[in-house]
Amino acid sequence: MDTPAEQSPNPPTMAKLKLLYLAQKGEDKTVIWLAWALAEEEECPVITSEADFPDDIKSFRRYTDRLRPRSGKAVLWFVLLIACDDNLDNLTSTMTSTMNWWYKDNHLACYLYDVQDSDDAVEVGTLAFSGVHCDHFRLARVLDPIFRSHHGGARLKFGVTVKMSKGYPKNEGNFNFPKDRLAIVSADRMDAQPVRTILYREFNCHPDPRQRPGQYNFCLVPAPDMVSLGSNAHSNRERMQQKHSAVLDSLVPLYTTDIKDLDLPYTKDGFTYTLREIILDVRHPLGSDLATQLYFSCDKAVNGRNLPASSSILRAYTDRRTAAEALLRILPHM
Amino acid sequence: MSFWVDNQAAKKWLHPQAIAACRGVELTLTNTDTWDGQWSTKEDAINLDILEQDMG
C-alpha cells in the first residue's frame, strides 16, 4: 500500500480489504471470510456481510496468516480463509476468473493457496519432466485415491500447482514453455512425509512410465527442506534439474481441439482402452514394435493464454515432429 | 481410432467435425509396412491440383 512517509498505511489497507470483500460478495453472494488459524474458527466470528467486517487492523489480524501493510517489500502477500458455494476460481485473479478485471483495476492479485484445507502448507517436491503442458487438476484427482489407498483410507491434505521453481534452468528461447515452471506438490506439514514417500514409490520406482499415476512420465525431486543437511542431495538435485531441462528442450508442443475426452474408458473384446493410453503407446515409426515412443505426453491444455476451448496439448520428440503432427491431424482415422 | 479400436471409440473420444474431416484418408506405407507420416485424400488431391495449376 503506497502511503506517504509518517502516515499510517493501516486505514487505507483496511479500506482496500473491505473493497475486496465487497467485490467478492458482488460476484458470489455466498462468500464468507473465516478466521485464519483453523483452531480459532469457533472463537472468531465469520465475516458474512459488510456489517461484520472489522473496523481496524488489530481486529482483522485474526483473519490472515500475517498482515504487514508496510514491510519494505514491493509486493505483499498474505493468506485468507475464504469459503463459497460457487466456483472458487471466480474469486481469484486468474485469467479464467469472472472478477479478474477488478484485481487489474485495483492493482491486486489473488490466487488459491497451495493446499486448500491446510493453514500450514510445505513444499514436498517438484515433479521433473512436468510443466505447463500438465493438467495439474487431473494430476491432483489421480493422486488423491492413491494417497488414500496407501494411508489406510484416510485423506492426506495436499495440493498440486504449476508454478515457477527455483533451481531449474530458465529458457533461452520459447518463452511460452518455461522450463522452470513445473508441477509442485505441497502438503500440510503433518502429511508431508507420507505424501513424499508415496510419490517416490509411485513415480520414481516404476521404470515404465505407463505404470506411474495417470501415466505421467514424472519423477519426484524432493524439496530442499525435505532432505537432511550434509547429504549429497544438492548435487543430485542439480543433476535431476539439468536432466529435466534437457528432456524439455528435446520436445515440441502440438495442440489439437479434436479430442473430446482422453480418459473415457472404452471396452472391446474384454479389453478396456482410453485414448490417452493409445496415444502414449504409439511407437515410432508407426507400425513398428520398437520401444521408441512417438509422444512424450498428452493432456488437456489448462495453462496458457487464449487457449481455444477443448484444447489438448501433446508433446512430441523434436526428431519425430513430422510424424507426430501428421498423426495428430488424422487421429480419427487411426 | 477406427484402425486401432473401432468407430464407436472414435465417436466417444473425438469431436464429430474431426471424424468427418478424416474421411477417405489413405496412409502411405513404406516398403517395410511402417508409416512415415504421409497420407492423402481425394480432397487433398484436388487441393494439390489447384496449387499445381495456379502456382506450379
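Throughout this description, residue numbers start from 1 for each chain and increase along the sequence as written. Lettering of chains starts at A and numbering of ligands starts at 1, both following the order in which they are written. Reporting in this predicted model follows two pLDDT cut-offs: at least 70 for local features of residues, and 80 or more for side-chain atom pairs to be given and counted; totals over whole chains, interfaces and linings ignore these cut-offs and use all residues. To obtain the side-chain values, all non-hydrogen atoms of the structure were used and water was disregarded.

Draft legend 1. Spatial organisation of the overall build of chain B. What chain B contains, in helices and strands, is 3 helices and 2 strands. Runs of E in the DSSP output that reach at least two residues are strands. Runs of H or I that reach at least four are helices, and both are numbered from the N terminus. Mapped from its N terminus to its C terminus, chain B presents α and β elements in the order α-α-β-β-α. Here the C-alpha radius of gyration of chain B, 14 Å, is well above what a compact globule of 56 residues would show, namely 10 Å. With the C-alpha coordinates aligned to their principal axes, the bounding extent of chain B is approximately 40 × 30 × 10 Å. For chain B, the proportion of its 56 residues judged to be buried stands at 25%. Carbon and sulfur atoms make up 51% of the accessible area of chain B, which totals about 4000 Å². One finds the centroid of the 4 positive side-chain charges in chain B at a distance of 18 Å from the centroid of its 9 negative side-chain charges. Each radius of gyration reported is based on C-alpha atoms, and the globular scaling rule is 2.2 Å times the count of residues to the power 0.38. Burial classes follow relative accessibility: with a 1.4 Å probe on protein chains only, a residue under 20% of its type's maximum area counts as buried, one over 50% as exposed, and anything between as partly exposed. Calculation of accessible area relied on Shrake-Rupley with a 1.4 Å probe; when residues are assessed, cover is drawn exclusively from the protein chains displayed. Working convention for charge: Lys and Arg count positive, Asp and Glu count negative, and His plus the chain ends are omitted. Lysine's charge is taken at NZ, arginine's at CZ, aspartate's at CG and glutamate's at CD.

Draft legend 2. Structural view of the overall build of chain A. Scanning chain A from terminus to terminus reveals 8 helices and 11 strands. Here the C-alpha coordinates of chain A stretch approximately 75 × 50 × 45 Å along the principal axes. Taken across its 334 residues, chain A has 46% of its residues classed as buried. Counted over contacts in chain A with a minimum sequence separation of 6, partners at least 24 positions apart contribute 60%. Looking at chain A as shown, the accessible area adds up to about 17600 Å², and 51% of this sits on carbon and sulfur atoms. When the 40 positive and 43 negative side-chain charges of chain A are each reduced to one mean point, those points stand 5 Å apart. Residue contacts are counted whenever heavy atoms from the two residues lie within 4.5 Å of one another.

Draft legend 3. How the structure looks around unusual backbone geometry. Residues and elements named next belong to chain A. H284 connects to P285 through a cis peptide bond whose omega is -5°. Structurally, the position occupied by P285 is in the loop between helix 7 (275-281) and strand 10 (295-300). Of note in this structure, F129 is not a glycine but carries a positive phi near 80°. By the secondary structure assignment, F129 is in the loop between strand 3 (121-128) and helix 4 (136-150). The backbone of D269 shows a phi angle near 55°, a positive value even though the residue is not glycine. Exposure remark for D269: the relative accessible area of 67% places this residue in the exposed category.

Draft legend 4. Structural detail: the environment of A291(A). Here A291(A) shows up in the loop between helix 7 and strand 10. Each C-alpha atom, one on A291(A) and one on D281(A), is 9.5 Å from the other, the two residues being 10 residues apart in sequence.

Draft legend 5. Structural view of the pattern of salt bridges. All names here are of chain A. Note on definitions: salt bridges are taken to be side-chain nitrogens of Lys or Arg within 4 Å of carboxyl oxygens of Asp or Glu. Scanning the model with the defined rule gives 14 salt bridges over all chains in all. Between R138 and D263 there is a salt bridge, with the nearest N and O atoms lying 3.0 Å from each other. Remark: D263 occurs in the loop between strand 7 (251-256) and strand 8 (266-268) and R138 occurs in helix 4; sequence separation between them is 125 residues. Exposure remark for D263: the relative accessible area of 31% places this residue in the partly exposed category. For K179, the salt bridge goes to D249, with nearest N and O atoms at 3.0 Å. In this pair, K179 is assigned in the loop between strand 4 (158-164) and strand 5 (181-188) and D249 in helix 6 (residues 233-249), connecting sequence segments 70 residues apart. Through salt bridges with shared partners, one network takes in R138, D263, R276 and D299.

Draft legend 6. Spotlight on the pairing of strand 2 (residues 35-40) of chain B. All names here are of chain B. Pairing between strands requires that DSSP locate at least two bridges from one strand to the other. Sheet analysis places strand 1 (residues 26-29) next to strand 2, joined by 3 bridges and oriented antiparallel. Its bridge partner lying in strand 2, L27 is registered against W39. Connecting strand 1 to the next strand, strand 2, in antiparallel fashion are 5 residues, including D33 with a positive phi near 65°.

Draft legend 7. Fine view of helix 8 (residues 321-329) of chain A. Considered for burial, the residues of helix 8 of chain A that qualify are A323(A), A324(A), A326(A), L327(A) and L328(A). Tucked inside the fold, the buried residues of helix 8 of chain A contact strand 7, strand 10 and strand 11 (312-317) of chain A together with strand 2 of chain B.

Draft legend 8. The interface of chain A and chain B, seen in detail. Taken together, the 28 residues of chain A in the interface contact 23 residues of chain B. Two parts placed together each lose some accessible area under a 1.4 Å probe, and adding up what both lose gives the buried area. Contact between chain A and chain B buries roughly 2700 Å² in total, counting both sides, with carbon and sulfur atoms accounting for 69%. Looking at which element gives the most residues to the side of chain A that touches chain B, the answer is helix 8 of chain A, with 4 residues. Put simply, Ala, Val, Leu, Ile, Met, Phe, Trp, Tyr, Cys and Pro go in the nonpolar bin, Asp, Glu, Lys and Arg in the charged bin, and everything else, Gly too, in the polar bin. Residue composition of the side of chain A that touches chain B, by class: 17 nonpolar, 6 polar and 5 charged.

Draft legend 9. Up close: the nonpolar core. Residues belong to a common nonpolar core when they are buried Ala, Val, Leu, Ile, Met, Phe, Trp, Tyr or Cys residues joined through side-chain atoms within 4.5 Å. Grouped together as the largest cluster of nonpolar side chains are 36 residues, with contacts concentrated most on L139(A), V195(A) and L199(A). Broken down by secondary-structure element, the contributors of at least two residues to this core are strand 3, helix 4, strand 4, strand 5, helix 5 (192-204), strand 6 (219-222) and helix 6 of chain A. If near-sequence neighbours (up to four positions away) are discounted, L139(A) is found in contact with L127(A), C134(A), V160(A), A183(A), F203(A), Y216(A) and F218(A). Listed in part, the 31 residues of the second largest apolar core include A316(A), A323(A), A326(A) and W13(B).

Draft legend 10. Molecular detail of the side chain of N100(A). Residues and elements named next belong to chain A. By the element assignment, N100 lies in helix 3 (residues 100-105). Any pair of N or O atoms that falls within 3.5 Å is considered a polar contact. Within protein, one atom must be able to donate a hydrogen and the other to accept it, and sequence-neighbouring residues count only if both atoms are side-chain atoms. In terms of polar contacts, N100 uses its side chain to reach the backbone carbonyl oxygen of M95, at 3.2 Å. Among residues more than four places away in sequence, those in contact with N100 are T92, S93, T94 and M95.

Draft legend 11. Representation of the sheet that holds strand 3 of chain A. Residues and elements named next belong to chain A. Pairing in this open sheet of 4 strands is antiparallel, and the strands run 4-5-3-6 from one edge to the other. Edge strands, defined here as strands with exactly one partner in the open sheet, are strand 4 and strand 6. Pairwise comparison of adjacent strand axes, ignoring direction, gives a mean angle of 35° for this sheet. Sheet topology places strand 4 next to strand 5; 7 bridges connect them, and they run antiparallel. For V160, the partnering residue across the bridge sits in strand 5 and is V185. Seen against the sheet, helix 4 touches strand 3, strand 4 and strand 5 and runs at an angle of roughly 150° to strand 4. Fitted lines through C-alpha atoms serve as axes, helices being fitted only where they are in contact, and the angles separating the N-to-C directions of these axes extend from 0 to 180 degrees.

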